[in-house]
Each structure stands twice: as structure tokens, then as C-alpha cells.
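Here is how the chains run, residue by residue.
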Amino acid sequence: SSGYYRTKITVGGVRKDLYGKDYQDIIYKLNEFYTNERAKTFEEIYSVFEESERLSGLDEKTIKEKRYKFNNMKDLWQLNIESITTDDILKWLKDYLQNKPLKDNLKRHLQLINAVFKFAMKKGFCNGNPALFIDAKDYYKFCSPDRKANEERFFSAEEEQAIVDDINKGKVGVYDTT
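Residues numbered from 1 in each chain as written. Predicted model: local features only at pLDDT ≥ 70, side-chain atom pairs only at ≥ 80, totals over all residues. Heavy atoms only, no water.

Asks: Describe in detail the overall build of the chain, supporting the description with residues and values.
Replies: Along the backbone of the chain there are 7 helices and 2 strands. Mapped in sequence order, the helices and strands of the chain form the string β-β-α-α-α-α-α-α-α. Counting the 178 residues in the chain, one finds 33% classified as buried. Counted over contacts in the chain with a minimum sequence separation of 6, partners at least 24 positions apart contribute 55%. Accessible surface computed for the chain: about 11800 Å², of which carbon and sulfur atoms make up 50%. (Helix = DSSP H or I, 4+ residues; strand = E, 2+ residues; numbered from the N terminus. Buried < 20%, exposed > 50% of the residue type's maximum accessible area, 1.4 Å probe, protein only. Contact = heavy atoms within 4.5 Å. Areas by Shrake-Rupley, 256 points an atom, 1.4 Å probe, with all protein chains shown as cover.)

Asks: Which residues make up the side chain of Asn129, and what values do they have?
Replies: In this structure, Asn129 sits in the loop between α6 (103–122) and α7 (157–168). Taking the relative accessible area as the measure of exposure, Asn129 reaches 16% and is therefore buried. In this structure the side chain of Asn129 is engaged in a polar contact, spanning 2.8 Å, whose partner is the side chain of Asn114. Ignoring any residue separated from it by four or fewer positions in sequence, one finds Asn129 in contact with Asn114, Phe117 and Met121. (Polar contact = N/O pair within 3.5 Å; in protein donor to acceptor, adjacent residues only side chain to side chain.)

Asks: Can you break down the pattern of salt bridges residue by residue, with the values?
Replies: Under the criterion given, the structure shown has 9 salt bridges. Between Arg67 and Glu50 there is a salt bridge, with the nearest N and O atoms lying 3.0 Å from each other. Taken together, the positions of Arg67 in helix α3 (residues 60–70) and Glu50 in helix α2 (residues 42–55) put the pair 17 residues apart, joining distant regions of the chain. The class for Arg67 is partly exposed, based on a relative accessible area of 23%. Look at Glu50 and you get buried, because its relative accessible area is 9%. Between Glu65 and Lys61 there is a salt bridge, with its nearest N and O atoms 3.4 Å apart. Highlighted residues: Glu65 and Lys61, both in helix α3, separated by 4 residues, approximately one helical turn. By relative accessible area, Glu65 is classed as partly exposed at 36%. Exposure remark for Lys61: the relative accessible area of 59% places this residue in the exposed category. Where salt bridges share partners, they join Glu51, Arg54 and Glu60 into one cluster. (Salt bridge = Lys/Arg side-chain N within 4 Å of Asp/Glu carboxyl O.)

Asks: Describe the nonpolar core, and please don't skip the residues or the numbers.
Replies: By size, the foremost hydrophobic cluster in this structure holds 36 residues, and its most contacted members are Phe42, Met73, Trp92 and Ile113. Looking at this core, the elements with two or more residues in it are α1 (23–36), α2, α4 (74–77), α5 (86–97) and α6. Considering each element in turn, this core owes the most residues, 8 residues, to α6. If we skip the residues at most four places from it in the chain, Trp92 touches Asn72, Met73, Asp75, Leu76, His109, Leu110 and Ile113. (Core = buried A, V, L, I, M, F, W, Y, C linked by side-chain atoms within 4.5 Å.)

Asks: Describe the environment of Asn105, and please don't skip the residues or the numbers.
Replies: Positionally, Asn105 belongs in helix α6. The sequence separation of Asn105 and Cys143 amounts to 38 residues, and the corresponding C-alpha distance is 9.3 Å.

Asks: Please provide a residue-by-residue account of the packing of α5 against α6, values included.
Replies: Geometry of a packed helix pair, given as the angle between the helix axes and the separation of the axes. As a packed pair, α5 and α6 sit with axes 12 Å apart at the nearest point and diverge in direction by 155°. By the criterion of interaxial angle, the relationship of α5 to α6 is roughly antiparallel. At the point where α5 passes α6, the crossing takes the right-handed sense. Every residue of α6 that contacts α5 at Ile89, Trp92, Leu93, Tyr96 and Leu97 is listed here: Asn105, Leu106, His109, Leu110, Ile113 and Phe117. (Axes fitted to C-alpha atoms, helices over the stretch in contact; angles between N-to-C directions. Parallel < 35°, antiparallel > 145°, perpendicular 65-115°, else oblique. Left-handed = near helix turned anticlockwise from the far one by under 90°.)

Asks: Any details on the packing of aromatic side chains? Residues and values, ideally.
Replies: The description of an aromatic ring pair rests on the distance of the ring centres and on the angle between the ring planes. One pass over the full model with this rule turns up 7 aromatic pairs. Centroid distance Phe70 to Trp77: 5.0 Å. Interplanar angle 10°. Geometry classified as stacked. Look at Trp77 and you get buried, because its relative accessible area is 15%. Grouping aromatic residues by their ring pairs yields a cluster made of Phe42, Tyr46, Phe49, Phe70, Trp77, Phe117 and Phe119. (Phe/Tyr/Trp six-rings, centres within 6.5 Å; stacked < 30°, edge-to-face > 60°.)

Here's what the structure looks like:
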């Protein structure tokens, strides 16, 4: 081991290295950098949030999945984290719903926004969470319908045995799987 931690920060759109002697030191330096530099856009806070999750051991696959969701939030990126309102998030949500996402995707996007604000509040970047009272369920009616139950269904061991028994008795037909 090299004896130090390294992470990346965004300065004026350019990624730069930031070093610390241990996990706590790197988190302290990230917080200090973003506080002192007044780098407080949603995008910049997300970068600190992402690095914190990476340093805490979250697997890279999950980090990439979250980054993919974050990339769907470009309307929020350049807004100052302290000035984002519920209306700003609802405006993004209205645009996002135009694509008719699955309910689960909508829920996960809103969970990510909430997680970023919770992190930002904990680190002192903002004092509130404008997404706190936005409930994904209120917007499910604008989502794509879930997969129909009869498109994929697994049989229980008993149901499977009953079908095999019927086939062995010469009964073949359509079975109601509801």
C-alpha cells in the first residue's frame, strides 16, 4: 500500500486528485474543499457523495448504477444545492415522467435524490431536503404499466407436479396460472 488515500474532485469541470492519510482525512479534505471553494452545485455535491460511498466500500457496480440514474437528472446539476426547491425537483420529475419510466425506476431516482440531500445536510452543505415529501407512489399513474403477471410466472412444486400428473394421464391443455 502507498500509505495514503486518493480520490478525484471536480474543479472547473476538470477532475483532479485529492490525497489524504486515511479515510477520515480524505472525507475531511473533501468537505473542506467543497465548503471553502463554495462548490455547492447538485453535481458537485453528488461527486462528494459518490466518493464517500466509494471510500466506504460500496461496490463499483452499485456506484455505476447510481451514476446512471444521476445522469438522468441533468436539469438539477448546475443548481446550487441550498437553493433547490421542491418545485425544481417537481419540474425535473415532470420531464422525467415524459419517458414513462417503470415504477421501480421512478422510486429509485427519488431515493437517490433524497440520499444526496441527506448526505448534503449531514455534511453541512444545505439545511433541508426539498425532496423529502415527494412520494413516488403519487406519480405511479404516469409510469409504464408493470409487466403483466401472466408474462412470467413460476409454478410451485405442487402445481408443477399436478401438471406432470395430468400430462401422464393424457390430459393436455391450457392451465389458468392466476
